[in-house]
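These are the residues of each chain, in order.
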Amino acid sequence: MVVDADALNALDAKTLRAPAPRILTPHPGEMARLVNGSIAEVQADRIGCARSFAQEHHVYVVLKGNRTVIASPDGRAWINPTGSPAMATGGTGDVLTGMISGLVAQFTDQLEPALLAAVYLHGRAGELGAERRGEKGFIATDLFQFLPEAMREVADLSHSV
């Protein structure tokens, strides 16, 4: 289950503790509500905040923002190197949720690589779009135009390794 936006506000302990993997995708404001803290506290220790919540609740956390943090229930954390300020617009998180859902559903036995790939590709599509369209006029649906190119780049890298 991938939980985003207002669905994060509906979570309870029973939902979080279900046997199937749970992936939460909060932005800093939503994360602050989840931990009963402030946005400033979340931003001051993004990795620690995401990691401790993931461990405590046995979920994956994708803390969106500049250098998105992905934390796993076992305490490991990754920092995504891709993304652009152009992506700070309504709907880009929805696109990320769809990408995570789609890749995790296709690769159920490889949840973490699928999750990391979705976050990386989402950010890379945003970078490509910002380079070509600029940061100001970029909208969420623009990501779809640049996603195939981002995927080709990753495929090309895997062939050269």
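Before going into details, it helps to say that this report is about the structure given with it. It should be emphasised that the depicted structure is a prediction, and the values quoted were computed from it without experimental measurement. (Residues numbered from 1 in each chain as written. Predicted model: local features only at pLDDT ≥ 70, side-chain atom pairs only at ≥ 80, totals over all residues. Heavy atoms only, no water.)

Comments concerning the overall build of the protein chain
Line of reasoning, step 1. Scanning the protein chain from N- to C-terminus turns up seven helices and five strands.
Line of reasoning, step 2. N-terminal to C-terminal, the α/β element order of the protein chain is β-α-β-α-α-α-β-β-β-α-α-α.
Line of reasoning, step 3. When its C-alpha atoms are laid out on the principal axes, the protein chain stretches across 40 × 35 × 25 Å.
Line of reasoning, step 4. Counting across all 161 residues of the protein chain, residues that qualify as buried make up 43%.
Line of reasoning, step 5. Nonlocal contacts in the protein chain, meaning residues at least 24 apart in sequence, comprise 47% of its contacts between residues at least 6 apart.
Line of reasoning, step 6. Approximately 8,400 Å² of the protein chain is accessible, and the part contributed by carbon and sulfur atoms is 56%.
Line of reasoning, step 7. Across the protein chain, the centroid of the 14 positively charged side chains sits 0 Å from that of the 18 negatively charged ones. (Helix = DSSP H or I, 4+ residues; strand = E, 2+ residues; numbered from the N terminus. Buried < 20%, exposed > 50% of the residue type's maximum accessible area, 1.4 Å probe, protein only. Contact = heavy atoms within 4.5 Å. Areas by Shrake-Rupley, 256 points an atom, 1.4 Å probe, with all protein chains shown as cover. Lys, Arg positive; Asp, Glu negative; His and termini not counted. Charge placed at Lys NZ, Arg CZ, Asp CG, Glu CD.)

Side note on the sheet that holds strand 4 (residues 69–71)
Line of reasoning, step 1. Taken together, five strands build an open sheet; the order of strands is 1-2-3-4-5 and the sheet is mixed. Of all the strands in the sheet, just strand 1 (2–3) and strand 5 (77–79) have a single pairing partner and so form its edges.
Line of reasoning, step 2. Bridge count for strand 3 (residues 60–63) against strand 4 is three bridges, and the pairing is antiparallel. When the sheet's bridge partners are listed, Val62 is paired in strand 4 with Ile70.
Line of reasoning, step 3. Where helix 4 (residues 46–57) meets the sheet, it contacts strand 2 (23–24), strand 3, strand 4 and strand 5, and its direction lies at approximately 25° from that of strand 4. (Pairing = 2+ DSSP bridges. Axes fitted to C-alpha atoms, helices over the stretch in contact; angles between N-to-C directions.)

Concerning the pattern of salt bridges
Line of reasoning, step 1. Across all of its chains, the model carries eight salt bridges by this definition.
Line of reasoning, step 2. Glu131 is paired through a salt bridge with Arg124; the nearest N and O atoms lie 3.8 Å apart.
Line of reasoning, step 3. Residue Asp142 pairs with Arg133 through a salt bridge whose shortest N-O separation is 2.4 Å.
Line of reasoning, step 4. Put simply, Arg124, Glu127, Glu131 and Glu153 are held in one network by salt bridges that share partners. (Salt bridge = Lys/Arg side-chain N within 4 Å of Asp/Glu carboxyl O.)

Observations concerning helix 4
Line of reasoning, step 1. An ideal rise of 1.5 Å per residue puts 16 Å on 12 residues; helix 4 measures up with 17 Å between its terminal C-alpha atoms.
Line of reasoning, step 2. Of all the positions in helix 4, only Arg46, Cys49, Ala50, Phe53, Ala54 and His57 are classed as buried. Summarising the axial view, the buried residues of helix 4 lie within an arc of 120°, below the 170-degree limit, and thus occupy one face.
Line of reasoning, step 3. Two residues or fewer after helix 4 comes His58, characterised by a positive phi angle close to 55°. (Expected span 1.5 Å × (residues − 1). Arc of directions from axis to C-beta.)

Thoughts on helix 6 (residues 111–133)
Line of reasoning, step 1. For helix 6, spanning 23 residues, the distance from its first C-alpha to its last is 32 Å, which sits close to the expected 33 Å at 1.5 Å a residue.
Line of reasoning, step 2. Phi for Gly134, located one or two positions after helix 6, is positive at around 90°.

Comments concerning the nonpolar core
Line of reasoning, step 1. Ile23, Val62, Ile100, Leu115 and Val119 are the most contacted members of the largest nonpolar core, which has 27 residues in total.
Line of reasoning, step 2. Elements supplying a minimum of two residues to this core: strand 3, helix 5 (92–106), helix 6 and helix 7 (142–160).
Line of reasoning, step 3. Setting aside anything within four residues of it in sequence, one finds Val119 in contact with Val62, Thr68, Ile70, Asn80, Thr82, Leu96 and Ile100. (Core = buried A, V, L, I, M, F, W, Y, C linked by side-chain atoms within 4.5 Å.)

Regarding the pairing of strand 3
Consecutive residues of a regular strand have side chains that alternate between opposite faces of the sheet.
Line of reasoning, step 1. Burial of the side chains of strand 3 extends over both faces: Tyr60 and Val62 are buried on one face and Val61 and Leu63 on the other.
Line of reasoning, step 2. Note: strand 2 against strand 3, two bridges, orientation parallel. Across the sheet, the residue bridging to Ile23 is Tyr60, located in strand 3.
Line of reasoning, step 3. Connecting strand 3 to the next strand, strand 4, in antiparallel fashion are five residues, including Gly65 with a positive phi near 135°.

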